[in-house]
Amino acid sequence: DTAVSQTPKYLVTQMGNDKSIKCEQNLGHDTMYWYKQDSKKFLKIMFSYNNKELIINETVPNRFSPKSPDKAHLNLHINSLELGDSAVYFCASSQDPGRNEQFFGPGTRLTVL
Amino acid sequence: SQQGEEDPQALSIQEGENATMNCSYKTSINNLQWYRQNSGRGLVHLILIRSNEREKHSGRLRVTLDTSKKSSSLLITASRAADTASYFCATEGNAGKSTFGDGTTLTVKP
């Protein structure tokens, strides 16, 4: 009965590859997010979707493309991976954009070699 | 720069002592939230305080908000070793975007 789940938990890949991270929430929330946490634990929002529509798109390279096939899923595809993309990526969801607590997934640790 | 800045960056105390963490922010907010992150895990929501509230309690947690000083504090009373974690504040302004602080790493020694 996991609330927010992400796959994979760990991802190790070579520079230049394309990879995807999947996120699913079973809380019935309307809003989902992707965050990046770097090695210094600095947590930065990347994207937010509300009812499958993009509402927040921070200054993120266009190699990163989120896709929300339905309200319960928000996937993150990354093209041409670079060393600097190595980080932990967290998916989160909330009932409404920003007004309620966010529920976080366990994170995906991406290592680019 | 980050909306939320927290201090101290790291805090080490003995079990049973109180721990206080502070968060400062720059622009007006709708609410402020505190989260906890255990090593290698996702963030867990602790408490939300709205801009028209000054203080909120939840168990051993006490959060204050001073909008005139643009600051908030999280107090954990009677700390336990299991409280060891990183604590983040997150401010929500207009457009529904939450901005997280840099976090305070708390170590509670048994």
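Above this text is the structure in question.
Residues numbered from 1 in each chain as written. Chains lettered and ligands numbered in written order. Predicted model: local features only at pLDDT ≥ 70, side-chain atom pairs only at ≥ 80, totals over all residues. Heavy atoms only, no water.

**Some remarks on the layout of surface pockets**
Residues and elements named next belong to chain A.
Stage number 1. Roughly 360 Å³ of volume is contained in the largest pocket.
Stage number 2. Among the elements of the structure, β9 (87–94) and β11 (108–112) are those that each provide at least two residues to the lining of the largest pocket.
Stage number 3. Its residues assigned to classes, the lining of the largest pocket shows six nonpolar, 11 polar and five charged. (1 Å grid on protein atoms, 1.4 Å probe; cavity = no way out; pocket = protein on both sides within 12 Å on 5 of 7 lines; lining within 4 Å. Points joined across faces, edges and corners; volume = space filled by probe spheres on them. Helix = DSSP H or I, 4+ residues; strand = E, 2+ residues; numbered from the N terminus. Nonpolar A, V, L, I, M, F, W, Y, C, P; charged D, E, K, R; others polar.)

**Some points on the pattern of salt bridges**
All names here are of chain A.
Stage number 1. Summed over the entire model, instances satisfying the criterion amount to seven salt bridges over all chains.
Stage number 2. Measuring nitrogen to oxygen at the nearest pair gives 2.7 Å for the salt bridge that ties Lys71 to Asp30. Note that Lys71 is positioned in the loop between β7 (64–70) and β8 (73–78) and Asp30 in the loop between β3 (19–25) and β4 (31–37), a separation of 41 residues in sequence.
Stage number 3. By relative accessible area, Lys71 is classed as partly exposed at 37%. (Salt bridge = Lys/Arg side-chain N within 4 Å of Asp/Glu carboxyl O. Buried < 20%, exposed > 50% of the residue type's maximum accessible area, 1.4 Å probe, protein only.)

**Digging into the nonpolar core**
Stage number 1. Counting 21 residues, the largest nonpolar core has Met21, Leu32, Trp34, Leu74, Ile76, Tyr87 and Leu106 of chain B as its most contacted members.
Stage number 2. Listed by contribution, the elements that provide at least two residues to this core are β2 (10–14), β3 (19–24), β4 (31–37), β5 (43–50), β7 (61–66), β8 (71–76), β9 (85–92) and β11 (104–109) of chain B.
Stage number 3. Residue contacts for Ile76 of chain B: discarding those within four places in its chain leaves Glu17, Asn18, Ala19, Met21, Arg60, Leu61, Asp83, Tyr87 and Leu106 of chain B.
Stage number 4. With 20 residues, the next largest nonpolar core counts Cys23, Phe47, Leu76 and Cys91 of chain A among its residues. (Core = buried A, V, L, I, M, F, W, Y, C linked by side-chain atoms within 4.5 Å. Contact = heavy atoms within 4.5 Å.)

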